[in-house]
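Results of the structural survey
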Amino acid sequence: MTKSVLEKWRFRVPFLVVSAAMLPIIVLLLKDSDVEAKVIKFLVLPACWLAAYFYSAIKLRNTHWFRELNAHVTEQIRTELIKLVPSDLEVTQEEKVELREKEIWKKLTGVFWEAVDSDTDLIQHKEHFYANGVFYTTAIDLYIVLTWVSMMYLGLYWYFQDSHFFVGALVCLVVALLSRFLVLPSCRRLHLELSSEQLDLLKRKKNDFIRDRFREIVVEWRKERQA
C-alpha cells in the first residue's frame, strides 16, 4: 500500500463508520409513519455525514494519532536512531536529550527516510507500515466517531423514548470501547514489531550511510551550538 492510498482510506473511513452506524435510523425512518419523527430522523443523517466530512477534512483524529505515535512508536525509533550516532563522537547524555527533542531531530529523521527510500527492500517494508496504519487509525476513528454517535443516539432516545435508540447507543459504545481497549493495542503491537524489523533491516543495509550522515549533522550541529 502506498501513502496516497493510505490517505484516501483515512479520509473515507469516518464516512463508512458513520454510514454503518446510521443504518438503524434509516430502517426506522422507512418504517415510521409520524411526519415529525420522519423529518427529525431525516435531518440527523446529513448532519452526521457532514460531521464526518469535517472530521476527515480538518483531520481531527491527528491529535489522538500523534499522541499515540509519540507515546509509543516514535519513542522506539528515537532510541534506536540515537544509537546509530558514531560512538567516537562521544555524545553526552545532555546532547542525546537535545538530539531527541530539539529541532536537530528533524535532520536525523530526514536521514532515516532518505535511507529507507533508497533501498527496494526498505521501500517494500514501508508499505507494511502503511497497511497497518489503516487499521491503526481506523481503531482511533471507531473510538472517537462511535462515542459521538452513541451520544447522538442517547439524545434521540431521550426525545422519542424509543428503546431502539438506546440499543443503538449501547452497541456503538461497546464497539467504541472494544476499539479503544482491544483493537488499538493490537495495532500498536504490530506497528512496534514492524518498526523493530525496519530498524534492524536499516542497520544491516544502510548502517555506514546513516553513520556518515549522522556524523556530518552532529559535527555541524555542535559548531552551531558553540557559535
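First, a word on scope: everything that follows refers to the structure included in this document. Just so you know, the residues in each chain are numbered from 1, in the order the chain's sequence is written. In keeping with the model being predicted, local features are shown solely for residues with a pLDDT of at least 70 and side-chain atom pairs are shown and tallied solely at 80 or more, while totals for entire chains, interfaces and linings include all residues. By convention in this description, side-chain values take in all heavy atoms of the structure and omit both hydrogens and water.

With that out of the way, let us pick up the overall build of the chain. Going along the chain from the N terminus, every DSSP run of H or I of four or more residues is numbered as a helix, and every run of E of two or more is numbered as a strand. Within the chain one finds eight helices and zero strands. Expressed as lengths along the three principal axes of its C-alpha atoms, the size of the chain is roughly 80 × 35 × 25 Å. Here the chain holds 227 residues, and the buried ones make up 42% of them. Working rule for contacts: check all heavy atoms of both residues, and any pair within 4.5 Å makes them a contact. The contacts of the chain with a sequence gap of at least 6 include a subset with a gap of at least 24, amounting to 79%. Every accessible area reported is derived by Shrake-Rupley at a probe size of 1.4 Å, with residue values counting cover from the shown protein chains alone. Element-wise, carbon and sulfur atoms account for 62% of the exposed surface of the chain, whose accessible area totals about 13200 Å². The sign given to each residue is positive for Lys and Arg and negative for Asp and Glu; His and the chain ends receive no count. Note on charges: their place is set at NZ of Lys, CZ of Arg, CG of Asp or CD of Glu. Positive and negative side-chain charges of the chain, numbering 31 and 29 respectively, have mean locations separated by a distance of 2 Å. Here the term buried applies to any residue with accessible area under 20% of the maximum for its type, exposed to any over 50%, and partly exposed to those in between, with areas from a 1.4 Å probe on protein chains only.

Okay, the packing of helix α5 (residues 93-101) against helix α8 (residues 163-226) next. For every element, the axis is a line fit to its C-alpha atoms; helices are fit only across the contacting stretch, and the angle between N-to-C directions ranges from 0 to 180 degrees. Between α5 and α8, the least distance of the axes is 13 Å, while the angle of their chain directions is 100°. On the basis of the axis angle, α5 is roughly perpendicular to α8. Listed contacts from α8 to Glu94, Glu95, Glu98 and Leu99 of α5 are Val218, Trp221, Arg222 and Arg225. Roughly parallel covers angles under 35 degrees, roughly antiparallel covers those over 145, roughly perpendicular covers 65 to 115, and oblique covers all other angles.

In this section: helix α7 (residues 120-160). Taking 1.5 Å of rise per residue, 41 residues should cover 60 Å, and α7 covers 59 Å from first to last C-alpha, within 8% of that figure. Taking the largest bend as the criterion, α7 deviates by roughly 25°, centred on Gly133. Pairs of N or O atoms within 3.5 Å make up the polar contacts considered here, provided that, within protein, one atom can donate a hydrogen while the other can accept it, and that residues adjacent in sequence are counted only when both atoms are side-chain atoms. N-cap assignment for α7: the residue whose side-chain oxygen lies 3.0 Å from the backbone N of Asp121 is Asp119. Two residues or fewer past α7, Gln161 is found with a positive phi of approximately 55°. Helices are assigned an expected span. That span is 1.5 Å times one less than the residue count. Throughout, the bend at a residue refers to the angle made by two axes, fitted to the seven residues ending there and to the seven starting there.

The next subject is the packing of helix α1 (residues 3-31) against α7. Following both chains from N to C, one finds α1 and α7 inclined at 25°, their axes separated by 9 Å at the closest point. In this view, α1 runs roughly parallel relative to α7, as classed from their interaxial angle. For the pair α1 and α7, the crossing hand works out as right-handed. For the contact of α1 with α7, the residue count by class is 19 nonpolar, three polar and three charged. Handedness of a crossing is defined here by the sense of rotation of the near helix relative to the far one, left-handed for an anticlockwise turn of less than a right angle and right-handed for a clockwise turn. Any residue outside Ala, Val, Leu, Ile, Met, Phe, Trp, Tyr, Cys, Pro, Asp, Glu, Lys and Arg is labelled polar, Gly included; the first ten of those are nonpolar and the last four are charged.

Inspection of the secondary structure assignment puts Asp141 in helix α7. Only 2.6 Å separates the side chain of Asp141 from the side chain of Tyr55, close enough to count as a polar contact.

A patch is a set of surface residues, each over 30% in relative accessible area and not in a salt bridge, joined within 9 Å for like charges and within 5 Å for the nonpolar side chains Val, Leu, Ile, Met, Phe, Trp and Tyr. Throughout this description, the term salt bridge denotes a Lys or Arg side-chain nitrogen within 4 Å of a carboxyl oxygen of Asp or Glu. A grouping of Leu154, Phe166, Leu170, Val174, Leu178, Leu182 and Val183 is seen on the molecular surface, where their side chains present a nonpolar patch of about 610 Å² in accessible area. At six residues, α8 tops the list of elements feeding residues into the nonpolar patch. Inspection of the secondary structure puts Leu178 in helix α8.

A separate point is α8. Taking 1.5 Å of rise per residue, the 64 residues of α8 would be expected to cover 94 Å, yet its terminal C-alpha atoms sit only 70 Å apart, more than 12% below that figure. Along its length, α8 shows its largest kink, about 85°, at Lys206.

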